[in-house]
Amino acid sequence: MSVISVIGAQSGDEGKGRIVDYIAQNCQVAIRYQGGDNAGHTVVNDKGKFGLHIIPSGIFNPNTINIVDAGAVVNFDRKLDVPVTSYVAGDNRSMGVNSAHYIAEKLDGQGKIVVLTCVSSGSVNDDRLGGFLETIADIAPDIEILGQYDTGSFAREDALTVMADVLMANPQIDAVFSMDDETSMGALQAIVEANRTDVKAITGGGGCQAYFNLMNEEQYQNIWVCSATYLPNMITNCVENAAAILNGETVEHEIVLESSIVDRENVQDFLNADSPY
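Residues numbered from 1 in each chain as written. Predicted model: local features only at pLDDT ≥ 70, side-chain atom pairs only at ≥ 80, totals over all residues. Heavy atoms only, no water.

Novice: Describe the packing of helix α2 (residues 92-106) against helix α3 (residues 123-139), listing the residues and the values that go with them.
Specialist: Running from amino to carboxyl end, α2 crosses α3 at an angle of 35°, the nearest separation of the two axes being 7 Å. α3 is crossed by α2, and the crossing has right-handed handedness. Contacts between α2 and α3 involve N92, R93, M95, G96, V97, S99, A100, H101, I103 and A104 on the former and, on the latter, V124, D127, R128, G130, G131, F132, E134, T135, I136 and I139. Broken down by class, the residue content of the contact of α2 with α3 amounts to 9 nonpolar, 7 polar and 4 charged. (Axes fitted to C-alpha atoms, helices over the stretch in contact; angles between N-to-C directions. Helix = DSSP H or I, 4+ residues; strand = E, 2+ residues; numbered from the N terminus. Left-handed = near helix turned anticlockwise from the far one by under 90°. Contact = heavy atoms within 4.5 Å. Nonpolar A, V, L, I, M, F, W, Y, C, P; charged D, E, K, R; others polar.)

Below, the structure written as structure tokens:
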């Protein structure tokens, strides 16, 4: 039996999903053998456009058996309607709330903004978006939301494409609410490539080191670049709780970590050369 392995050399949505979708038409089995749900694999076929994370990209071929192998990380960072022993998460709603306060401050309560959504991320999108929209309406009613634009996934390549269209459709944009750092990097690239100087602020979320590093780059000094993130010790809490549960111990049912804002004024405190993200 022959085996075809599709391996990416870069981060982001680089096309692996499209390739696997095509190859799987002539394969009996498609296996997701490595990676986590932070990855975004976009598949475009005659059924539509889909942003996949854990699910193997061969899922659209009815004759292909799809398997998630032991090397993949299944991370339930979205709310599930099932009983759980312990739930550990970042406060996604506070990420939206803090982003609203940041944009309102940088715009002095007035201006035009666009919102980049990612409906496929489920409760992550709903909580961050809800916190932002409710807060911005409350504290800055004079700020106009030009529109909400879905990027399909958090991949920077998708954000680049969508943001390029957004810039063409809106001649004046004072700020961008983005809920993910990878999305923000794609949006920033589109802003620079379009030679736009009207955008004064852009938010993000997640704590991506590559995003942190560009906060101090010269080409972005006319834009307030920020990320709403929570401390990375969430995984420590998860592992400790899992170990305790296996030992028969009682653990805290729900742990929610508050978010904070990172921008060029405090980013040095968050830089970590050893971080994998």
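Novice: So what's going on with helix α1 (residues 16-23)? Residues and values would help.
Specialist: Inspection of α1 places K16, G17 and D21 among the buried residues, and these make up the whole buried set. Looking down the long axis of α1, one finds its buried residues gathered within 130° of arc, a one-sided arrangement. Each element contacted by the buried residues of α1 is listed here: β3 (41-45). (Buried < 20%, exposed > 50% of the residue type's maximum accessible area, 1.4 Å probe, protein only. Arc of directions from axis to C-beta.)

Novice: Explain the sheet that holds strand β12 (residues 224-225) to me, and be specific about the residues and the numbers.
Specialist: Strands sit in the order β9-β8-β10-β11-β12 across an open sheet of 5 strands; the sheet is parallel. Where the open sheet ends on each side, the last strands, each with one partner, are β9 (143-150) and β12. Two strands pair when backbone bridges link them, and strand β11 (residues 201-202) and β12 are joined in this way by 2 bridges, in the parallel orientation. Each bridged residue has a counterpart across the sheet, and for A201 the counterpart in β12 is W224. Each of β8 (111-117), β9, β10 (175-178), β11 and β12 touches α2; the most contacted strand, β10, lies at about 175° to it. (Pairing = 2+ DSSP bridges.)

Novice: Outline the nonpolar core, listing residues and values.
Specialist: The biggest cluster of nonpolar side chains holds 25 residues, and the ones touching the most others in it are M163, I173, V176, L188, I202, Y211 and V225. Within the residue set of this core, elements represented by two or more residues are β8, α4 (156-169), α5 (181-193) and α6 (209-214). In terms of residues, this core owes the most to one element, α5, which gives 5 residues. Ignoring anything within four residues of it in the chain, the contact list for I202 reads V176, S184, A187, L188, Y211, I223, W224, V225 and C226. With 18 residues, the next largest nonpolar core counts L129, F132, A175 and F177 among its residues. (Core = buried A, V, L, I, M, F, W, Y, C linked by side-chain atoms within 4.5 Å.)

Novice: So what about the environment of S94? Which residues, and what values?
Specialist: By secondary structure assignment, the location of S94 is in helix α2. Along the sequence, S94 and G130 sit 36 residues apart, while their C-alpha atoms lie 9.7 Å from each other. The residues touching S94, leaving out its near neighbours within four places in the chain, are E258 and S259.

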